[in-house]
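Breakdown of the fold
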Amino acid sequence: MATDSLPIAGTFQIAGRAEAHPAVARINDNGSVQIIAANDQRPLHYSNAQDMRYGDIIPGLPAELIFADGARFIPNDASYRWPGLSTAQRLPAWLEAHWLTVLAAVILVPGFVWLMVYKVIPSAAGASVQYLPEFVATELGEQTLDLLDRLYMEPTQVSRAQQEKITDEWHSILQRLTLPQEKYRLYFRASSIGANALALPDGSVILTDDIVELMQDHPEQLNAVLLHEIGHVEHKHSLKMLAQATATTMMFAMMFGDIDGAGEMILGVGSSLLQSAFSRDMEREADAFAYTQLHKIGHSPLDFANAMRALMTSHGVSEEHLHNHSNEGDEQNDGERARDVMEYLSSHPDTLERIQAAEEWQPEAQ
């Protein structure tokens, strides 16, 4: 405790009794405190620094000094703060005296959080994942596939012959695009999520039975969807998404003190892949990758547009209905279908916008 030679006027309350005396407290060089009666200067109490503590610091109220036997000294000056108070204990009084700073913080902190979450962290994540070793993506992919198989997926009902046909055509496309065939592996699974495809960080691509059935007569549409998923892998979207989520969690943990909770989140990054959605910018980037690769192999981005239309139809909603899903007067079952499809597509840019982008895409001039 720092020294303070000036006496502090106040009231000394004897332990276990209602008796109180006007007194002064003197702080010695070694941090001990001596309480002396104000009227006759007789000693009332003495305590070493380690045998006393400070009461709660509440703005507008005096800071009590509480001794080991329960006696206490209450300063007359409600603004007085003992020299031995820690920074954390002094904070309420400081905030009370600097309310303009507090007001500025209330305004600036949300802006800082927005800047970090939507600008700084995504940019940093995008730069940092380029330097991650390959085993990170491999481990995440294996962990997520295992979790999917245990919790969400069932063995496929697609015939072996159809699986081989789709796989052979896919390998042919990879070869034509000079993409590594050993990296990109197709998995077929039955699932209640409907017609869908999912790319994992290590290049594993999962096709549900429903999307295989939906596009069995239009393999060019399925290939367009697969190229979109490969776009996510090529641009490392899963890793960027996880890096952003981890960094954001750590930021809030440091702000609010829940470091243990942040550690649990980081250890479970594989499962977070199942709970997070790609950003709309990431979806557009994967779409653009698919358009470019389709053009390279002599196909049209219209294949992707038609695949989007087929997926919309499979979820029970027409383009016209999507345009007018918020209009009043729709029948109850139509409204329910609209909610289902909008939930399914909520992480993606507007589906009609994506279809239009595919239809209007033009290759860049060489």
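Residues numbered from 1 in each chain as written. Predicted model: local features only at pLDDT ≥ 70, side-chain atom pairs only at ≥ 80, totals over all residues. Heavy atoms only, no water.

A short note on the sheet that holds strand S11 (residues 204-208)
Spatial strand order, S8-S9-S11-S10: four strands in an open sheet with mixed pairing. Looking along the sheet, the strands with just one partner apiece sit at the ends: strand S8 (153-155) and strand S10 (197-199). Between one strand axis and the next, the sheet turns through 40° on average, direction left out of account. Bridge count between S10 and S11: three bridges; the pairing is antiparallel. Note on S11: the bridge partner recorded for Ala199 is Val205. (Pairing = 2+ DSSP bridges. Helix = DSSP H or I, 4+ residues; strand = E, 2+ residues; numbered from the N terminus. Axes fitted to C-alpha atoms, helices over the stretch in contact; angles between N-to-C directions.)

A short note on the confidence of the model for the protein chain
Predicted confidence across the protein chain gives a mean pLDDT of 80, with 78% of residues reaching 70 or more. Of the regions scoring below 50 in pLDDT, residues 325-332 engages in six contacts with residues more than four places distant in sequence or in other chains. Contacts for the low-pLDDT stretch residues 337-349, under 50 throughout, to residues beyond four places or in other chains number 30 contacts. (pLDDT = per-residue confidence, 0-100. Contact = heavy atoms within 4.5 Å.)

Here's the deal with the pattern of salt bridges
This structure, assessed with the given rule, holds eleven salt bridges. Measuring nitrogen to oxygen at the nearest pair gives 2.9 Å for the salt bridge that ties Asp40 to Arg42. Between Arg189 and Asp149 there is a salt bridge; the shortest N-O distance is 2.7 Å. On the criterion of sequence distance, the pair formed by Arg189 in strand S9 (residues 185-191) and Asp149 in helix H3 (residues 134-151) is long-range, its members being 40 residues apart. Since its relative accessible area comes to 31%, Asp149 is described here as partly exposed. (Salt bridge = Lys/Arg side-chain N within 4 Å of Asp/Glu carboxyl O. Buried < 20%, exposed > 50% of the residue type's maximum accessible area, 1.4 Å probe, protein only.)

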